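Examination of the molecular architecture
Residue strings, one per chain:
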Amino acid sequence: MNDLANDLSYLVNAALGKKEQYTLRTDIDVLIRLAYTNQMQGILFTALVQEDIPEEKKEQLRSGLRQSLYRTMRQVFAGKEMERRFEEAGIVNQPMKGICMKQMYPSPNLRDMGDIDILVDQNSAAECRAVMESLGYTLVQDVKHHFVYRNEEGIVVEIHNALYDKTTDRTQYEYFLDLKNRNLKENCAYTYQFSVDDFYIYMIAHMARHFYKMGCGVRNLIDIKVYLDLYGSRMDMEYIGEVFRKLGLYDFHEHMSTLAFIWLDHKESSELYDDLFDYMVFSGIYGKDENGIWNKYAFQKSGNTKDYSAKLKRWYLFPPYDYMVEYYPFLKKHPYVLPFMWVKRGFNGVFRHKGEKKVEMLKTIDDDSIMRITRIYQNMNLKFQK
């Protein structure tokens, strides 16, 4: 792997208590910028501040660490307070993703997160809103399958009524809709949690959804490594593998878990994993809008042309049915209007400035990058079906 990957691996391991003799090679400002875009301030700044770097940089890092620590303290407190109040109100709920993953790191502040996600039965929306408002939260957005709340301190809470977005993949949505292997938390009557195996399955599925839509960052790889180091000996990998095959995530998990150990345990890499790491680290934590084309483009029927850039541009100007139907669902019943939707899509791009980032990417991307990213998505084999 390259110097950047090795530097980040060293810093992550140092923060996790596995410091070794090493000299950083990447510019400090680059590492700081990547810490923010990958939402890894806590873990990277904890290690960076111990390095032999200029004092003004250390003060910048300390400031970032204070902000990260304060945010973590407020989020952890808010999560516990909501759990207490939901219990008192008899509202069935389940904390999800980051608020749980924080507790698996040596210290919660090493694992940054954007918002708190909680699953609540959709029939309890009114009661849930009453609890949230009593805690000082205001409903700021109602988005498909979740409600977004915010308080005056800037803590954001997403209340979900489904574990998985049905608009991404039908099989995964139905699996998590019917999931039975959830247990009551200790000393709780209404607050549930995943089994060790199913938390991992959900974590990978959530990561795959981001990767499929827009890419995702390398913090996900740290989550994989931390989780497997902590629970790997207790996990039923045969059961997990069967579920991943059922959900179409087997290849994705194999590659991501392999990359996590290559990167953080300094194992021998390959061109595919080097390319995959670079793609992820520069995608940022939640990916980029312009990356949203690769999941479909990677599985098109390839022709004989070697002008990959021109081929990609033609594909984007006149996308096939399976790409267009994601944005215009009524094409399922009226596929014959596809040419008219190309015109409508072009109108939106020109006059409503939609897809500007994708267009800008198409102007600058080179053939080699197209080949590398296409190969990545082909290997991940994410063929989601709505």
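Now for a quick tour of the structure. (Residues numbered from 1 in each chain as written. Predicted model: local features only at pLDDT ≥ 70, side-chain atom pairs only at ≥ 80, totals over all residues. Heavy atoms only, no water.)

Observations regarding the packing of helix H7 (residues 170–177) against helix H10 (residues 237–247)
Going by this rule: Orientation is described by lines fitted to C-alpha atoms, with helices fitted over the stretch in contact, and by angles between N-to-C directions that extend from 0 to 180 degrees. In DSSP terms, a helix is any run of H or I states spanning at least four residues, a strand is any run of E spanning at least two, and both are numbered starting from the N terminus. Angles below 35 degrees are treated as roughly parallel, those above 145 as roughly antiparallel, those between 65 and 115 as roughly perpendicular, and all remaining angles as oblique. Only heavy atoms matter for contacts: two residues are in contact if any of them lie within 4.5 Å across the pair. Polar here means any residue other than Ala, Val, Leu, Ile, Met, Phe, Trp, Tyr, Cys and Pro, which are nonpolar, and Asp, Glu, Lys and Arg, which are charged; Gly is therefore polar.
At a minimum axis separation of 9 Å, H7 and H10 run at an interaxial angle of 135°. Classified by the angle their axes make, H7 and H10 are oblique. Taken together, the residues of H10 that come into contact with H7 (itself represented by Thr171, Gln172, Tyr175 and Phe176) are Tyr239, Val243, Lys246 and Leu247. The residue makeup of the contact of H7 with H10, split by class, is 5 nonpolar, 2 polar and 1 charged.

Let's talk about the packing of aromatic side chains
Going by this rule: When two rings of Phe, Tyr or Trp (its six-membered ring) have centres within 6.5 Å they constitute a pair, described as stacked for plane angles under 30 degrees, edge-to-face for angles over 60, and tilted for the intermediate range. The buried label goes to any residue with under 20% of its type's maximum accessible area, the exposed label to any with over 50%, and the partly exposed label to all in between, with areas taken from a 1.4 Å probe on protein chains only.
One pass over the full model with this rule turns up 22 aromatic pairs. Consider the rings of Tyr200 and Tyr227, whose centres lie 5.6 Å apart with planes at 20°: the pair is stacked. Within this pair, whereas Tyr200 is found in helix H8 (residues 196–214), its partner Tyr227 is found in helix H9 (residues 219–231), the two being separated by 27 residues in sequence. For Tyr227, a relative accessible area of 1% gives the class buried. Note on Tyr227 and Tyr231: the rings are 4.9 Å apart at their centroids and 55° apart in plane angle, and the pair reads as tilted. Of the two residues, Tyr227 and Tyr231 both sit in helix H9, 4 residues apart, roughly one turn of that helix. Pair check on accessibility: Tyr227 and Tyr231 agree, each one buried. Joined through ring pairs, the aromatic side chains of Tyr164, Tyr175, Phe176, Phe194, Phe199, Tyr200, Tyr202, Tyr227, Tyr231 and Phe244 make up one cluster.

Some words on helix H2 (residues 28–37)
Spelled out, the test is: In this description, the arc belongs to the directions extending from the helix axis to the C-beta atoms. As used in this structure description, the phrase polar contact means that two N or O atoms lie within 3.5 Å; if the pair is within protein, one of them must be able to donate a hydrogen and the other to accept it, and residues adjacent in sequence are counted only when both atoms belong to side chains.
Taken together, the buried positions of H2 are Ile28, Leu31, Ile32, Leu34 and Ala35. Down the axis of H2, the buried set is contained in an arc of 165°. They therefore lie on one face. In this structure, the buried residues of H2 make contact with helix H1 (3–15), helix H3 (41–48), helix H4 (55–89) and helix H12 (271–281). Residue Asp27 occupies the N-cap position of H2, its side-chain oxygen lying 2.9 Å from the main-chain nitrogen of Asp29.

Observations regarding the nonpolar core
Filter applied, for reference: Only buried residues count toward a nonpolar core, which is a set of Ala, Val, Leu, Ile, Met, Phe, Trp, Tyr and Cys residues joined through side-chain atoms within 4.5 Å.
Judged by nonpolar contacts, the single largest core of 96 residues is most densely connected at Phe211 and Trp294. Tallying contributions element by element places H8 first for this core, with 12 residues.

Some details on unusual backbone geometry
For Gln39, which is not glycine, the phi torsion reads 50° and is therefore positive. The residue Gln39 is located in the loop between H2 and H3 in this model. On the accessibility criterion, Gln39 (14% relative accessible area) is buried. If you check the backbone angles, His266 has positive phi at about 55° while not being a glycine. Residue position: His266 is located in the loop between helix H11 (250–264) and H12. The exposure class of His266 is partly exposed, given its relative accessible area of 42%.

Some words on the side chain of Gln75
Inspection of the secondary structure assignment puts Gln75 in helix H4. A distance of 3.2 Å separates the side chain of Gln75 from the backbone oxygen of Met113, its partner in a polar contact. If near-sequence neighbours (up to four positions away) are discounted, Gln75 is found in contact with Ile99, Lys102, Met113, Gly114, Asp115, Ile116 and Ile155.

Quick word on the packing of H1 against H3
Orientation of H1 relative to H3, taken along the N-to-C sense of each, is 90°, at an axis distance of 8 Å. The pairing of H1 with H3 is recorded here as roughly perpendicular in orientation. Residue-level contacts link Leu8, Leu11, Val12, Ala14 and Ala15 of H1 to Ile43, Leu44, Thr46, Ala47 and Leu48 of H3. When grouped by side-chain class, the residues that make up the contact of H1 with H3 number 9 nonpolar, 1 polar and no charged.

Side note on the sheet that holds strand E1 (residues 93–96)
Strand pairing in a sheet relies on backbone hydrogen bonds, with the paired strands running either antiparallel or parallel. Convention followed: Two strands qualify as a pair provided that DSSP identifies no fewer than 2 bridges between them.
Spatially, E1-E2-E5-E4-E3 is the arrangement adopted by the 5 strands of the open sheet, whose pairing is mixed. Sheet topology places E1 and strand E3 (138–143) at the edges, where each strand pairs with a single neighbour. The sheet shows a mean angle of 25° between the axes of neighbouring strands, taken without regard to direction. As judged from the 5 bridges shared by strand E4 (residues 146–150) and strand E5 (residues 156–160), these two strands associate in the antiparallel manner. Bridging across to E5, His146 finds its partner in His160. Of the strands in this sheet, E1, strand E2 (116–120) and E5 are in contact with H4, which crosses E2 at around 15°.

Concerning the environment of Lys333
Relative to the elements of secondary structure, Lys333 occurs in the loop between helix H15 (321–327) and helix H16 (338–351). C-alpha of Lys333 to C-alpha of Met256: the two residues are 77 residues apart in sequence and 37 Å apart in space.

Concerning the pattern of salt bridges
Just so we agree on the cut-off: When a carboxyl oxygen of Asp or Glu lies within 4 Å of a side-chain nitrogen of Lys or Arg, that pair is called a salt bridge.
On inspection of all chains with the given rule, the structure shows 21 salt bridges. For the salt bridge of Glu51 with Lys19, the shortest nitrogen-to-oxygen distance reads 4.0 Å. Of the two residues, Glu51 is situated in the loop between H3 and H4 and Lys19 in the loop between H1 and H2; the sequence distance between them amounts to 32 residues. Owing to a relative accessible area of 11%, Glu51 belongs among the buried residues under this scheme.

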